[in-house]
Amino acid sequence: MTMHPAIEKILIPQDALQKRVHEMGKEISQDYKNSCPVFIGVLKGSVMFLADLMKQTTVDHSVDFLCPSSYAGGTKSTGIVRLLLDLRESIEGKDVLLVEDIVDTGLTMSYLLDNLRTRRPRSLEICTLLDKTSCRKSHVPIRYRGFEIPDEFVVGYGLDYKELYRNLPYIGVMKPLKAEKSKK
Ligand code: IMP
């Protein structure tokens, strides 16, 4: 596979992503076989993962979206979370699966969990494609985890740096930013 010039190395290739998402879909389908859960996609990073996960899930489910903002175009979490877009439907009494691209410090997810719990869902679980466990500042109970990754800034498969590289079909580590600038 040809690598994008901004990428230093591919951390998770496309076929490994597809295989893992298939396994996660199977597990979720089994766990929710007597339910009709709501998948809540955390915009924008979860879109590719969510779309693939939906295709690999055989139980009926609905989809809704939330859009928090915390990074303001940088690479470090500020811990200050604003909700730029809220759910369309009530989740009261529903089984909710929060679908996220990556849990890093956990600050965003903690905020979302606190917020959603006040709306009294029947259950509330987290499904994240990537987990940077070594960066955690706030404990987050993750029910479904795709891959544990090291403390490196990654892009692709929905994840961005300054809104770019979401289209890459793999998860890649970016080249150091100085090197990227000096090439321009
Ligand atoms: P947290 O609040 O630090 O857990 O950050 C969660 C959010 O930060 C994720 O939903 C991503 O949007 C973003 N994020 C964290 N790490 C990365 C990364 O390595 N690449 C791209 N986005 C990231």
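Draft legend 1. Geometry of the state of the cysteines. Applying the stated criterion across every chain, the model contains zero disulfides. Not engaged in a disulfide, the cysteine Cys36 finds its nearest cysteine sulfur in Cys127; these two sulfurs lie 17 Å apart. Overall, Cys36 belongs to the exposed group, its relative accessible area being 51%. For Cys127, a relative accessible area of 0% translates into the label buried.

Draft legend 2. Structural view of the sheet that holds strand E6 (residues 123–131). As summarised here, the arrangement of the six strands in space is E4-E3-E2-E5-E6-E7, forming an open sheet in which the pairing is mixed. The open sheet has two free edges, formed respectively by strand E4 (82–85) and strand E7 (144–148), since each of these has just one partner strand. Neighbouring strand axes in the sheet, compared pairwise and without regard to direction, differ in orientation by 25 degrees on average. Examined bridge by bridge, strand E5 (residues 95–103) and E6 share eight bridges and lie parallel to one another. Within E6, the position partnered with Glu100 by the bridge is Thr128. In the packing of helix H3 (residues 107–117) onto the sheet, contacts are made with strand E2 (38–42), strand E3 (62–69), E4, E5 and E6, and the angle to E5 comes to roughly 165 degrees.

Draft legend 3. View of the packing of aromatic side chains. Within this structure, the stated rule accounts for one aromatic pair. Their ring planes at 80 degrees and their centres at 6.0 Å tell us that Phe153 and Tyr161 sit as a pair that is edge-to-face. Residue classification places Phe153 among the partly exposed residues on the basis of a relative accessible area of 22%. Tyr161 gets classed as buried once you look at its relative accessible area, which sits at 12%.

Draft legend 4. Highlighting the pattern of salt bridges. A full pass over the atoms with the stated rule returns 15 salt bridges. Between Asp86 and Arg119 there is a salt bridge; the shortest N-O distance is 3.0 Å. In this pair, Asp86 is assigned in the loop between E4 and E5 and Arg119 in the loop between H3 and E6, connecting sequence segments 33 residues apart. Exposure remark for Asp86: the relative accessible area of 36% places this residue in the partly exposed category.

Each value, and the rule that gives it
Residues numbered from 1 in each chain as written. Predicted model: local features only at pLDDT ≥ 70, side-chain atom pairs only at ≥ 80, totals over all residues. Heavy atoms only, no water. Disulfide = S-S within 2.5 Å. Buried < 20%, exposed > 50% of the residue type's maximum accessible area, 1.4 Å probe, protein only. Pairing = 2+ DSSP bridges. Helix = DSSP H or I, 4+ residues; strand = E, 2+ residues; numbered from the N terminus. Axes fitted to C-alpha atoms, helices over the stretch in contact; angles between N-to-C directions. Contact = heavy atoms within 4.5 Å. Phe/Tyr/Trp six-rings, centres within 6.5 Å; stacked < 30°, edge-to-face > 60°. Salt bridge = Lys/Arg side-chain N within 4 Å of Asp/Glu carboxyl O.

The values reported here are purely geometric and, on their own, carry no functional implication.
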